[in-house]
Amino acid sequence: MPRYRPHVAARPSWRCRVCGAAWPCSSAKLALLGEYRESRTTLLIYLGTLLAEALTDLADHPTPAALADRFLAWAKPRDT
């Protein structure tokens with residue numbers, strides 16, 4: 001039986017250790033949404049902390065706003 005491997009970031013590149021996509025990859029997003037399903041605010045705080053670390057590691061990223069979108073935009077609650 002295949003063993004599940006969590007989709008976590010490889011630093012300093014901030015690419016997924018499993019699939020190589022920019023982290024958070026789709027699988028990481030799904031896992032994080034499940035893990036933090038009871039508190040979206042806590043998820044956003046966690047992602048904000050990782051964003052601050054990524055800003056240091058990815059100094060050559062196009063803009064801080066683009067990196068913020070990558071880390072945070074997908075996790076914001078949707079208006080219903």
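Scroll up for the structure.
Reference entry: report on the structure contained in this document. Please read all numbers here as calculations on a predicted model, not as lab measurements.

Overview of the overall build of the chain
Part 1: Each helix and strand counted, the chain has three helices and two strands in total.
Part 2: Its helices and strands in sequence order give the chain the pattern β-β-α-α-α, from N to C terminus.
Part 3: The globule rule puts the C-alpha radius of gyration for 80 residues at 12 Å, and the 13 Å found for the chain is close to it.
Part 4: On the principal axes, the C-alpha backbone points of the chain span a range of 40 × 35 × 20 Å.
Part 5: Burial statistics for the chain: of 80 residues in total, 29% are counted as buried.
Part 6: Sequence separation of 24 or more characterises 43% of the internal contacts of the chain that already satisfy a separation of 6 or more.
Part 7: On the chain, roughly 5,600 Å² of surface is accessible, and the fraction owed to carbon and sulfur atoms is 56%.
Part 8: Of the side-chain charges in the chain, 11 are positive and 7 negative, and the distance between the mean point of each set is 7 Å.

Some remarks on the pattern of salt bridges
Part 1: In the structure shown here, the tally under the stated rule is two salt bridges.
Part 2: Among the ionic pairs, Glu53 bridges to Arg11, the shortest N-O distance being 2.7 Å. With Glu53 in helix H2 (residues 40–57) and Arg11 in the loop between strand S1 (9–10) and strand S2 (15–16), the pair connects residues that are 42 residues apart, well separated along the chain.
Part 3: Of the residues examined, Arg11 reaches a relative accessible area of 44% and is grouped as partly exposed.
Part 4: Between Asp57 and Arg11 there is a salt bridge, and its shortest N-O distance comes to 2.9 Å. In this pair, Asp57 sits in helix H2 while Arg11 sits in the loop between S1 and S2, placing the two residues 46 residues apart along the sequence.
Part 5: Under the relative-accessibility criterion, Asp57 is labelled partly exposed at 27%.
Part 6: A cluster of three or more residues bridged by salt bridges with shared partners is formed by Arg11, Glu53 and Asp57.

Focus on the nonpolar core
Part 1: By size, the foremost hydrophobic cluster in this structure holds 19 residues, and its most contacted members are Trp14, Trp23, Leu32, Leu43, Leu47 and Phe71.
Part 2: Of all the elements in the fold, those that place two or more residues in this core are helix H1 (26–35), H2 and helix H3 (64–72).
Part 3: It is H2 that contributes the most residues to this core, five residues altogether.

Thoughts on the packing of aromatic side chains
Part 1: Enumeration according to the criterion identifies four aromatic pairs in this entry.
Part 2: Judged by centre distance (6.2 Å) and plane angle (50 degrees), the rings of Trp14 and Trp23 are tilted. Here Trp14 and Trp23 have matching classes, each one buried.
Part 3: Arranged with centres 5.5 Å apart and planes meeting at 70 degrees, the rings of Trp14 and Phe71 form a pair that is edge-to-face. Of the two residues, Trp14 is situated in the loop between S1 and S2 and Phe71 in helix H3; the sequence distance between them amounts to 57 residues.

About the thresholds
- Residues numbered from 1 in each chain as written.
- Predicted model: local features only at pLDDT ≥ 70, side-chain atom pairs only at ≥ 80, totals over all residues.
- Heavy atoms only, no water.
- Helix = DSSP H or I, 4+ residues; strand = E, 2+ residues; numbered from the N terminus.
- Rg over C-alpha atoms; globule rule 2.2 N^0.38 Å.
- Buried < 20%, exposed > 50% of the residue type's maximum accessible area, 1.4 Å probe, protein only.
- Contact = heavy atoms within 4.5 Å.
- Areas by Shrake-Rupley, 256 points an atom, 1.4 Å probe, with all protein chains shown as cover.
- Lys, Arg positive; Asp, Glu negative; His and termini not counted.
- Charge placed at Lys NZ, Arg CZ, Asp CG, Glu CD.
- Salt bridge = Lys/Arg side-chain N within 4 Å of Asp/Glu carboxyl O.
- Core = buried A, V, L, I, M, F, W, Y, C linked by side-chain atoms within 4.5 Å.
- Phe/Tyr/Trp six-rings, centres within 6.5 Å; stacked < 30°, edge-to-face > 60°.

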